[in-house]
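# Chains, contacts and geometry: an overview
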Amino acid sequence: QHGLPPAPPPPGALRPLPLPGEDIPAHRVRLKNLPMACTLEMLQAYLGKHAGKVMEWDRDGYRGGVLFDKREDGSLTGECVVKFESKRAAMYALVDIDRGYMGKKLIFGCYEVVPAPADRGRLKLLGLPSKTSVRDVTVFFSGWLLAPEADGHDPELLLGDEGEPTGEAVVTFMDVEASDHALVQFDWGGKRVHGAEVSFEPMTPITWDEVAEKWSQREVIAPSTLKVLSDQGWI
């Protein structure tokens, strides 16, 4: 009545599902107060019908889509993270498994939200000589905020159908702001690689797919990049 938010549901009450268009926070669910001797099989039995929606994920410490938290000595902490195949699967599961019982233990559940990295801007270099190496491209952008090679984002030399160099390379920046900054600040005129003058074109950025845990290409160029191109008179 006075603009206050609605009271939270009482313990054990079913949570209302999000309205159409509402964002679902995460596809991981953290469970707390597990028995110290909890096993994967016990957890799967607790999940019941939702166990079939857990991802088959056996990396980064997960087994069968479940990561049990452990202390330095290897003993369990009584908490785990369950990785579901989608945000919606996690949402429906959390309705059922929060404040349920595993034996005499009352189990608490919540979303495990992991901040996603920022979208990464990209540029394509054109007109590169066939002998151009990845190191040549890296040196060309020396001093610019490129995405770390550890993420698999070292410059990519593009090849044709027969495996021949196309004279193009894709360069990924740490974020869209960095690639936009390059568009504005870089003195592109007269830049050469192995004596050949190169040109460039902006590309759609890549975004982090948190469910698949991989980078995927967005469908459109970032609005900030379009504004830069317009301000510079390129479009």
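Residues numbered from 1 in each chain as written. Predicted model: local features only at pLDDT ≥ 70, side-chain atom pairs only at ≥ 80, totals over all residues. Heavy atoms only, no water.

## Side note on the packing of helix α4 (residues 176–185) against helix α5 (residues 223–231)
- Between α4 and α5, the shortest axis-to-axis distance is 10 Å and the interhelical angle comes to 5 degrees. By the angle between their axes, α4 is roughly parallel relative to α5. Along its contact with α4, which presents Val176, Asp180, Leu183 and Val184, the element α5 presents Ser224, Thr225, Val228 and Leu229.
- Its residues assigned to classes, the contact of α4 with α5 comprises five nonpolar, two polar and one charged. (Axes fitted to C-alpha atoms, helices over the stretch in contact; angles between N-to-C directions. Helix = DSSP H or I, 4+ residues; strand = E, 2+ residues; numbered from the N terminus. Parallel < 35°, antiparallel > 145°, perpendicular 65-115°, else oblique. Contact = heavy atoms within 4.5 Å. Nonpolar A, V, L, I, M, F, W, Y, C, P; charged D, E, K, R; others polar.)

## Considering the sheet that holds strand β3 (residues 76–83)
- Strand order in the open sheet formed by five strands is β2-β3-β1-β5-β4, with antiparallel pairing between adjacent strands. Because the sheet does not close on itself, it has two edges, and the strands there are β2 (66–70) and β4 (100–102). Neighbour-to-neighbour, the strand axes of the sheet open up by a mean angle of 30 degrees, direction not taken into account.
- For β4 and strand β5 (residues 105–111), the ladder comprises three bridges, and the chain directions are antiparallel. The partner of glycine 100 across the bridge, within β5, is isoleucine 107.
- Relative to β4, helix α1 (residues 40–47) is tilted by about 150 degrees, and along the sheet it contacts β1 (28–32), β2, β3, β4 and β5.
- The strands touched by helix α2 (residues 87–97) within the sheet are β1, β4 and β5, with β5 carrying the most contacts at an inclination of about 155 degrees. (Pairing = 2+ DSSP bridges.)

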